[in-house]
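# Remarks on the overall topology
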Amino acid sequence: MDGYKEWLSSQKMSVRQITGASQLQISKNTVHRRIMESGYMFHAKMARRLPFSKLQISKRLKWARIHMSYGDKWMVDLFSDEKKWNLDGPDGNIKYWYDLRKEPRSFFSRKSGGGSVMMRATFSFNGQGGLAFLDDRQNSPKFIETLENHLVPFAENIGGRNWQYQHDDAPIHTSNAKKNYLNSKNATVLEWPPMNPDLNPIENMWNIMSGKVYENGGKFYSVNSLKTAIESAWYNLEPDILQTLIMSTEKRVYNVILKNGKTFNY
């Protein structure tokens, strides 16, 4: 059985698929029970990330220690990100049998194929902003245009004249032109370590939305129908979901410290 579990730890099949592949007269409940008896195997979502370098781990720890006592300030931050949605299904719903004795596995998102839609969204404890569908390759001027049309009206509506904004360290986000623009709007940019999806609650938001957009294995045959489904999922999010995700940020900070800078499931 141990050899079988070693094989299982490299598989992405469900219990039903494993039962069928075994060609034995046993139920899927029996298969699941035998796997769980090991005490170190469970069916987990594969993380969308690259392994952290020693420098990235050091930066994560430094950032987490600085923000340990951030407290209620998380509730006034605006979290933002871009996401690619595919016509033929999501990138990120990959599950596998995780062996607790080993390092978690991860996957790489595909860059193109099958048609897709790129969008940017922002949310906070007090609600979500308007969606920005990005038709062209983004550069600094286009990013500022997106901020002007979608982020700033939302931010000033819920945060007044002074607000704090989170984004990653992509070049268009760190350009001098963008910094000058946000300064002109009295906005503060939240310091953020690079390549850290486990810290950003909007990643969990994408998972929730994907379940709605691609419900029952749904696929789309036009960009417009996909956009309609994305808008429906976004604007029908319950307020308590937004608030729970924002309030989870403090726990994420502590998880970085508990894991000594290494990544964690989110």
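Below you will find a few notes about this structure. For clarity, every value in this text was computed on a predicted model and none was experimentally measured. (Residues numbered from 1 in each chain as written. Predicted model: local features only at pLDDT ≥ 70, side-chain atom pairs only at ≥ 80, totals over all residues. Heavy atoms only, no water.)

## Topic: the nonpolar core
Filter applied, for reference: By nonpolar core is meant a set of buried Ala, Val, Leu, Ile, Met, Phe, Trp, Tyr and Cys residues that side-chain atoms within 4.5 Å join together. Burial classes: relative accessible area under 20% of the type maximum marks a residue as buried, over 50% as exposed, and values in between as partly exposed (1.4 Å probe, protein chains only). Only DSSP runs of H or I reaching four residues or more are called helices, and only runs of E reaching two or more are called strands; each is numbered from the N terminus. We call two residues in contact whenever any of their non-hydrogen atoms come within 4.5 Å of each other.
Counting residues in hydrophobic clusters, the biggest one holds 35 residues, and the most contacted among them are Trp85, Phe123, Met205, Met209, Val213 and Leu226. Elements represented by at least two residues in this core include exactly α4 (54-66), β2 (77-86), β4 (116-124), α7 (202-213), α8 (223-235), α9 (239-247) and α10 (249-258). Among residues more than four places away in sequence, those in contact with methionine 205 are Phe123, Trp234, Leu237, Leu242 and Leu245. Leu78, Ala155, Trp163 and Leu182 belong to the second-largest nonpolar core, a separate cluster that totals 13 residues.

## Quick word on the environment of methionine 205
One can find methionine 205 in helix α7. Between the C-alpha atom of methionine 205 and that of phenylalanine 123, which follows or precedes it by 82 residues, the distance is 9.5 Å.

## Quick notes on the pairing of β4
Filter applied, for reference: A pair of strands counts as paired when DSSP detects no fewer than two bridges linking them.
Counting buried residues in β4 gives 7 out of 9 residues, a clear majority hidden from the surface. Pairing between β2 and β4: 8 bridges, direction antiparallel. Across the sheet, asparagine 86 pairs through a bridge with serine 116, a residue of β4. In terms of strand pairing, β4 meets strand β6 (residues 132-133) through 2 bridges, oriented antiparallel. From the neighbouring strand, arginine 120 faces β6, where its bridge partner is alanine 132. Here β4 runs beside strand β5 (residues 127-128); their pairing, made up of 2 bridges, is antiparallel. Note that in β5 the partner of phenylalanine 123 across the bridge is glutamine 128. Hairpin connection from β4 to β5: 2 residues lie between these consecutive antiparallel strands.

Read these as geometric descriptors, not functional statements.
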